[in-house]
Amino acid sequence: RKSFNNLDAALAEPQNVYKLKLGHQGLKELPPTIGTLTNLEELDLNNNDLKTLPKEIGKLKHLKIRNFFKNKLESIPPEIGDLESLKELVLSSNKLKWIPHEIGNLLVLEKLSLKYNRLDSLPAEIGDLKSLLELDLMYNNLTSLPPHIGRLARLELCHMEENQLTRLPKSI
């Protein structure tokens, strides 16, 4: 079990990588070979210049924590839904306008941070996140929330400040 701070070093011994910390490295893209890090449990890519993510990110089946805080992400690949072990997903301070409906497949996700993006809606499948405890939607352009959000029975904390919400679904 090793922790790496360098992508090339990690890719040289992919089976040994459990933690990859690549914050503040000016990364503009992730290579598709990121999918070879099949034992990866924690991926930190905060404060980079990433605009997209390769679909191979969905091969990281053991990933539990993923931090993409403060990048330039404009979209998330649908393969995000393949990350069945993901417990924490931080996508704050990006340029996201939408979230793929496959997000609803993340059944063990406990924390989802989407604050400081450009979201004007959420997929109905957000209500399928049965393990979600914390949801941060602050500082977006949300005008409404899907009725299915009321299914989040375990939700303890939900931040919605600084959006364009005029009413909440009856299910809440």
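Before going into details, it helps to say that this report is about the structure given with it. Keep in mind the model is a prediction, meaning the values are calculated, not measured.

Turning our eyes to something else, we now look at the overall build of the chain. Along the backbone of the chain there are one helix and eight strands. For the chain, the succession of helices and strands along the chain, N to C, is β-α-β-β-β-β-β-β-β. Relative to the 2.2 N^0.38 estimate, which gives 16 Å for 172 residues, the radius of gyration of the chain is 16 Å and therefore close to what a compact globule would have. Within the chain, buried positions represent 44% of all 172 residues. The contacts in the chain between residues at least 6 apart in sequence include a share of 21% that link residues at least 24 apart. A total of about 8600 Å² of accessible surface is found on the chain, and carbon and sulfur atoms cover 47% of it. For the chain, the distance from the average position of its 24 positive side-chain charges to the average position of its 23 negative side-chain charges is 1 Å.

This next bit is on the sheet that holds strand β1 (residues 2-4). Here we have eight strands laid out as an open sheet, ordered β1-β2-β3-β4-β5-β6-β7-β8, and parallel in their pairing. Because the sheet does not close on itself, it has two edges, and the strands there are β1 and β8 (157-159). Going across the sheet, the axis of each strand differs from the next one's by a mean of 10 degrees, ignoring polarity. Alignment of strand β6 (residues 111-113) against strand β7 (residues 134-136), held across three bridges, turns out to be parallel. For L112, the partnering residue across the bridge sits in β7 and is L135.

Despite not being glycine, N47 has its phi angle at roughly 55 degrees, a positive value. The topology assignment puts N47 in the loop between β3 (42-44) and β4 (65-67). Phi at S93 is positive, roughly 55 degrees, even though this residue is not glycine. Residue placement: S93 occurs in the loop between β5 (88-90) and β6.

With respect to the helices and strands, the residue Q164 is situated in the segment after β8. Expressed as a C-alpha distance, the spacing of Q164 and E74, which sit 90 residues apart in the sequence, is 20 Å. Apart from the residues within four sequence positions on either side, Q164 is in contact with N141, L142 and T143.

Counting residues in each nonpolar core, the largest one holds 44 residues, and the members touching the most others are L20, L43, L60, F68, L89, L106 and L112. For this core, the elements supplying multiple residues, two or more each, are α1 (7-12) and β2 (17-21). Leaving out residues up to four positions away in the same chain, L89 has contacts with R66, I80, I103, L106, L109, K111, L112 and S113.

Let's shift gears to the packing of aromatic side chains. The full count for this structure, using the stated rule, is one aromatic pair. Geometrically, the ring pair formed by Y116 and Y139 is stacked, given 4.5 Å between the ring centres and 5 degrees between the ring planes. Separated by 23 residues along the polypeptide, Y116 in the loop between β6 and β7 and Y139 in the loop between β7 and β8 bring together distant segments of the chain. Directly above the ring of Y18 sits R1, whose terminal nitrogen or CZ lies 4.5 Å from the centroid.

This paragraph deals with the side chain of N67. Take N67: it is sitting in strand β4. The class for N67 is buried, based on a relative accessible area of 18%. A distance of 3.5 Å separates polar atoms of two side chains, one belonging to N67 and the other to D44. In contact with N67, not counting residues within four places along its chain, are L43, D44, L45, N46 and V90.

Definitions and limits used
- Residues numbered from 1 in each chain as written.
- Predicted model: local features only at pLDDT ≥ 70, side-chain atom pairs only at ≥ 80, totals over all residues.
- Heavy atoms only, no water.
- Helix = DSSP H or I, 4+ residues; strand = E, 2+ residues; numbered from the N terminus.
- Rg over C-alpha atoms; globule rule 2.2 N^0.38 Å.
- Buried < 20%, exposed > 50% of the residue type's maximum accessible area, 1.4 Å probe, protein only.
- Contact = heavy atoms within 4.5 Å.
- Areas by Shrake-Rupley, 256 points an atom, 1.4 Å probe, with all protein chains shown as cover.
- Lys, Arg positive; Asp, Glu negative; His and termini not counted.
- Charge placed at Lys NZ, Arg CZ, Asp CG, Glu CD.
- Pairing = 2+ DSSP bridges.
- Axes fitted to C-alpha atoms, helices over the stretch in contact; angles between N-to-C directions.
- Core = buried A, V, L, I, M, F, W, Y, C linked by side-chain atoms within 4.5 Å.
- Phe/Tyr/Trp six-rings, centres within 6.5 Å; stacked < 30°, edge-to-face > 60°.
- Lys NZ or Arg CZ within 6 Å of the ring centre and 35° of its normal.
- Polar contact = N/O pair within 3.5 Å; in protein donor to acceptor, adjacent residues only side chain to side chain.

Spatial relationships are all this shows, so hold off on functional conclusions.
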